[in-house]
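# Survey of secondary and tertiary structure
If you want the building blocks of each chain, they are given just below.
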Amino acid sequence: MTIVALSLGMALSACQAPTTHSEHNPTVTANQTSLAQVIAKKYIITDGHIDVPYRLENEFENVAEHTAHGDFDFPRALSGGLDAPFMSIYIPASLEQTGGSKALADKLITMVEDIVNDSPDKFALAYSTTDVEENFAKGIISLPMGMENGSPIEGDLANLKHFYDRGIRYITLTHSKANHISDSSYDEARPAGGLTDFGKTLVTEMNNIGVMVDVSHISDDAFYDVMALSKTPVIASHSSARHFTPGFERNMSDDMIKALAKNGGVIQINFGSSFINQEAIDYGKTRKAAIEEFIEQNNVEQNSEAVAAFKAEYKIKHPYPFASLSDVLDHYDHVVKLVGIDYVGIGSDYDGVGDSLPHNLKDVASYPNLIAGLLKRGYSEQDIAKILSGNVMRVWQAVENYAAKH
């Protein structure tokens, strides 16, 4: 993708600290807020992970209009300048054992197709970088798709071709439990010690057919297996920097981010507070322990009204420590200082992290707030254009180009 940028300052180098001197100047701040709105409309904004389909599977709403629930709908996306949200075809880990993964994936893909068919003036499918660019030129929001959890492949490479033909352009190899492809960062059981033999074959075939490999959710060992195998750049569609959350394997360590950058890939920052700061992680652990203690002491069931009341009271007495926009920006700064501006993007996890989103980043209308924050920290317009879509579009294009030759 060709991006024409008007520079607003020197781009940050890989070792240059961000500047924050403008944050307390009201005039400069007002100008940056206004400029952020312009930038949000001027460039394609991609978001690597939005869980709309599974949200609608649980409770359907017409996202072509304003919805009472959730983080995504057309009016808010239009307001925020969102142009290409990857619709997450999320498959619960439990289906690996019970069956039904492929059927659910097909059902959710059909749901996305129905959204487009019902509102062709607002949404369009996007199977390629060219589709995204052409839809953007028409003023239509693209709905590319990524599969969160490779369980629907069901050990059959023919299913990879099936889902490619249906529009899947990245696959998160696993989710919260180990599957037939990969170990999971959330699962203490590591039966494969990384990728399975089938998983290694699958990565090669994903390269060949033109499906991006998504390393979010997989174990560290599996990540390094992918790095050794993949002939194309890969993405972490919704992960943040482990530097701020030591011990949280779901985020990426500095060494992993460096390896990802060497591969040419992109880490797309997850906005969920528990991905952004340790305080939110600690809160979750403390709350869980308190609930378990209440259940044991009162001999009640997990889904009882008594437990629901306890949770509500706990939340009032102990408010959730939402991350701030500044906390999220710290993750961008960290990645940029570590490896450079070319390897970071947006992977909000909207509709996927519940009521844990940071202040000023509560839904898809909020991207201008992120842009304004980046401007305040000294990022140039060219830098920001890379974060908004340039980096991910580069990876996607590289994957397309490799597949065209194989």
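In short, a report on the structure.

Thresholds applied
Residues numbered from 1 in each chain as written. Predicted model: local features only at pLDDT ≥ 70, side-chain atom pairs only at ≥ 80, totals over all residues. Heavy atoms only, no water. 1 Å grid on protein atoms, 1.4 Å probe; cavity = no way out; pocket = protein on both sides within 12 Å on 5 of 7 lines; lining within 4 Å. Points joined across faces, edges and corners; volume = space filled by probe spheres on them. Helix = DSSP H or I, 4+ residues; strand = E, 2+ residues; numbered from the N terminus. Nonpolar A, V, L, I, M, F, W, Y, C, P; charged D, E, K, R; others polar. Axes fitted to C-alpha atoms, helices over the stretch in contact; angles between N-to-C directions. Parallel < 35°, antiparallel > 145°, perpendicular 65-115°, else oblique. Contact = heavy atoms within 4.5 Å. Salt bridge = Lys/Arg side-chain N within 4 Å of Asp/Glu carboxyl O. Buried < 20%, exposed > 50% of the residue type's maximum accessible area, 1.4 Å probe, protein only. Phe/Tyr/Trp six-rings, centres within 6.5 Å; stacked < 30°, edge-to-face > 60°. Lys NZ or Arg CZ within 6 Å of the ring centre and 35° of its normal. Core = buried A, V, L, I, M, F, W, Y, C linked by side-chain atoms within 4.5 Å. Pairing = 2+ DSSP bridges. Right-handed = clockwise from strand over helix to strand, strands pointing away.

## Notes on the layout of surface pockets
- Of the voids in this model, the largest pocket is the one considered here, and its volume is about 550 Å³.
- Of all the elements in the fold, those that place two or more residues in the lining of the largest pocket are helix H11 (273-276) and helix H12 (278-298).
- Looking at the lining of the largest pocket, its residues break down into 8 nonpolar, 4 polar and 4 charged.
- Of the pockets and cavities examined, the second largest pocket occupies roughly 230 Å³.
- Grouping the amino acids of the lining of the second largest pocket by side-chain chemistry returns 5 nonpolar, 6 polar and 5 charged.

## Some thoughts on the packing of helix H6 (residues 129-138) against helix H16 (residues 381-404)
- Put simply, H6 and H16 touch, their axes get as near as 9 Å, and they point 135 degrees apart. The orientation of H6 relative to H16 falls into the category oblique. For the pair formed by H6 and H16, the contact residues are Thr129, Val132 and Glu133 on the first element and Met393, Trp396, Gln397 and Glu400 on the second.
- Broken down by class, the residue content of the contact of H6 with H16 amounts to 3 nonpolar, 2 polar and 2 charged.

## A closer look at the pattern of salt bridges
- Applying the stated rule across the entire model yields 18 salt bridges.
- We note a salt bridge from lysine 107 to glutamate 57, for which the minimum N-O separation is 3.0 Å. With a gap of 50 residues between them, lysine 107 in helix H5 (residues 101-118) and glutamate 57 in helix H2 (residues 52-58) connect regions that are remote in the sequence.
- Looking at glutamate 57, the relative accessible area reads 27%, which means it is partly exposed.

## Examining the environment of leucine 329
- With respect to the secondary-structure elements, leucine 329 resides in helix H14 (residues 325-339).
- Sequence separation between leucine 329 and isoleucine 269 is 60 residues; the distance between their C-alpha atoms is 9.5 Å.
- Beyond its immediate stretch of four places on either side in the chain, leucine 329 contacts Leu370, Gly373, Leu374 and Arg377.

## Details of the packing of aromatic side chains
- By the definition in use, this model includes 15 aromatic pairs.
- Judged by centre distance (4.4 Å) and plane angle (15 degrees), the rings of phenylalanine 294 and phenylalanine 310 are stacked. A residue pair is termed long-range when its members are at least 10 positions apart, and phenylalanine 294 in helix H12 and phenylalanine 310 in helix H13 (residues 305-317) qualify at 16 residues.
- For phenylalanine 294, a relative accessible area of 18% gives the class buried.
- Between phenylalanine 310 and tyrosine 314 the ring centres are 6.2 Å apart and the planes differ by 40 degrees, which places this aromatic pair in the tilted class. Residue phenylalanine 310 and its partner tyrosine 314 are both found in helix H13; the two are separated by 4 residues, about one turn of the helix.
- Among the aromatic residues, those joined into a cluster by ring pairs are Tyr283, Phe294, Phe310, Tyr314, Tyr320 and Phe322.
- Over the ring of tyrosine 164 we find arginine 169, and its NZ or CZ is 3.7 Å from the ring centre.
- The ring centre of phenylalanine 322 lies 3.7 Å from the NZ or CZ of lysine 362, which sits over that ring.

## Thoughts on the nonpolar core
- With 94 residues, the main nonpolar core has Phe72, Leu173, Val226, Tyr332 and Leu370 as its most contacted residues.
- Element by element, the count of residues in this core is highest for H5, at 8 residues.
- Residues Ile44, Ala84, Phe86 and Ala126 belong to the second largest nonpolar core, which totals 14 residues.

## Quick notes on the pairing of strand E6 (residues 168-172)
- The buried count for E6 comes to 5 of 5 residues, which makes it a mostly enclosed element.
- Across 4 bridges, strand E5 (residues 145-148) lies against E6 in parallel orientation. Residue pairing across strands places glutamate 148 opposite threonine 172, the latter belonging to E6.
- Across 3 bridges, the pairing between E6 and strand E7 (residues 212-214) is parallel. Its bridge partner being in E7, threonine 172 is matched across the sheet by aspartate 214.
- You can see the chain leave E6, run along helix H8 (residues 197-209) and come back into E7, and the turn it takes is right-handed.

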